[in-house]
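# Examination of the molecular architecture
The residues making up each chain are set out below.
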Amino acid sequence: MNRSACLIFNPVAGQGDPDIELAEIRAILEPDIDLDIYLTTQEIDADQLAYAAVERGVDAIIASGGDGTLSAAAAAVVGTDISFGIISRGTANAFATALGIPDTIAGACETILQGGTRHVDVAYCNDRPMVLLAGIGFEAETVELADRDAKNRFGMMAYVFAGIQQLRNLHKFDVEIETEDRIIKTSACAVTVANAAPPTSVLAQGPAGLVYDDGLLDLTIVAPANKAGAIAATFHLFQTASTGNAVERDDIGFLRAKQFKITTEPAQKVVLDGEIVGTTPVEIKCIPGGLKIFMPLVEEVEPTEKLEGLPNLTIEMKDTVEE
Ligand SMILES: Nc1ncnc2c1ncn2[C@@H]1O[C@H](COP(=O)(O)OP(=O)(O)OP(=O)(O)O)[C@@H](O)[C@H]1O
């Protein structure tokens, strides 16, 4: 008997042709999985469709769209035993990158067909589910600038342009961070709480190495004194994230905890998994293993060697001498 799943598809996500993309998904999945397909509309969001699917008692929910769609649909399956599949077709596709899921339609569908699942942590931010991260201050302002129109015109570069523009309006705010056992007060331009984050989410990279199934959240504080400091801090975060080292600048701090209560003065905008959701204060709590996600069976291993293609290449195996 075929497997079955509810497919929730956002027809306006990303920059591709939705008819062609839906046809591709159906062509790959339908030979093995009976799909019940629902399209999101301006009025009916992915979370409404996903909650309805959970009510109907489906075996699996597959969401296809940008990070906003994936996150909204994931909300409905937190804490259930329903397997969740993702097919990214958005601008940033941070969800797939952070969890090591292919971000091509073919690769993502193949992962779902393989059927391997893993439990990953999620969090609740003021009662809204959070799979990736919550950004307070700078990041939220940047996301707001990179609107639908800018993303359609520039794709991923819309975020870069918005970030550069936002540097001109850099402002500091006072922040109080309460964990299970401490209250920390400082000032900052950006505070980011991450469950999982792709390397491109530089403001989340204080600890360099976010673990999505450790039952903990990572908070990064970035507090540059001026625009030049902000550029230097961002570059440092980018470098440390790519080399896997923790940051070493006085204007960047990070800590790890199960939950954070964050208040700011004045109130700051908050972006949750790519969507502006309101302003501070926020309370963010980790839900260990709260999502069961279709993941690739074998993690992709970075090649440690590449010699093919070099000019006049010869490789001679040496006799190994026993000691
Ligand atoms: N049929 C539709 N028509 C117009 N808007 C829609 C429709 N379906 C969903 N939406 C809106 O799309 C938004 C979610 O977009 P999503 O995050 O999936 O894509 P994206 O913006 O391309 O991706 P990314 O967040 O990676 O940049 C939500 O605000 C939702 O209300």
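Here we summarise the structure given alongside this text. (Residues numbered from 1 in each chain as written. Predicted model: local features only at pLDDT ≥ 70, side-chain atom pairs only at ≥ 80, totals over all residues.)

Before going further, it helps to spend a moment on the site of the ligand. The environment of the ligand is formed by 20 residues, the closest being G66, G68, T69, G90 and T91. Of the residues forming the shell around the ligand, the biggest block, three residues, is contributed by helix 3 (residues 67-77). When grouped by side-chain class, the residues that make up the shell around the ligand number four nonpolar, 13 polar and three charged. (Near = placed C-beta within 6 Å. Helix = DSSP H or I, 4+ residues; strand = E, 2+ residues; numbered from the N terminus. Nonpolar A, V, L, I, M, F, W, Y, C, P; charged D, E, K, R; others polar.)

The next subject is helix 9 (residues 227-243). For helix 9, with 17 residues, the first-to-last C-alpha span of 24 Å sits near the 24 Å given by 1.5 Å per residue. Of all the residues in helix 9, the buried ones are A230, A233, T234, L237, T240 and A241. The arc that holds the buried residues of helix 9, viewed along the axis, is 135 degrees, so those residues lie on one side. Along helix 9, the residues that are exposed and aim more than 90 degrees away from the buried face are A228, F235, S242 and T243. Positioned one or two residues after helix 9, G244 has a phi angle of 80 degrees, which is positive. (Expected span 1.5 Å × (residues − 1). Buried ≥ 20, exposed ≤ 12 C-beta atoms within 10 Å, placed from the backbone. Arc of directions from axis to C-beta.)

A separate point is the sheet that holds strand 12 (residues 252-257). Spatially, 12-11-10-7-14-15 is the arrangement adopted by the six strands of the open sheet, whose pairing is antiparallel. Strands at the two margins of the open sheet, each flanked by one partner only, are strand 12 and strand 15 (275-279). The sheet shows a mean angle of 20 degrees between the axes of neighbouring strands, direction not considered. (Pairing = 2+ DSSP bridges. Axes fitted to C-alpha atoms, helices over the stretch in contact; angles between N-to-C directions.)

This paragraph deals with helix 3. Burial analysis of helix 3 places 11 of its 11 residues in the buried class, which makes it a mostly covered element. Listed in full, the buried residues belonging to helix 3 are D67, G68, T69, L70, S71, A72, A73, A74, A75, A76 and V77. G79 sits one or two positions beyond helix 3 and adopts a positive phi of about 80 degrees.

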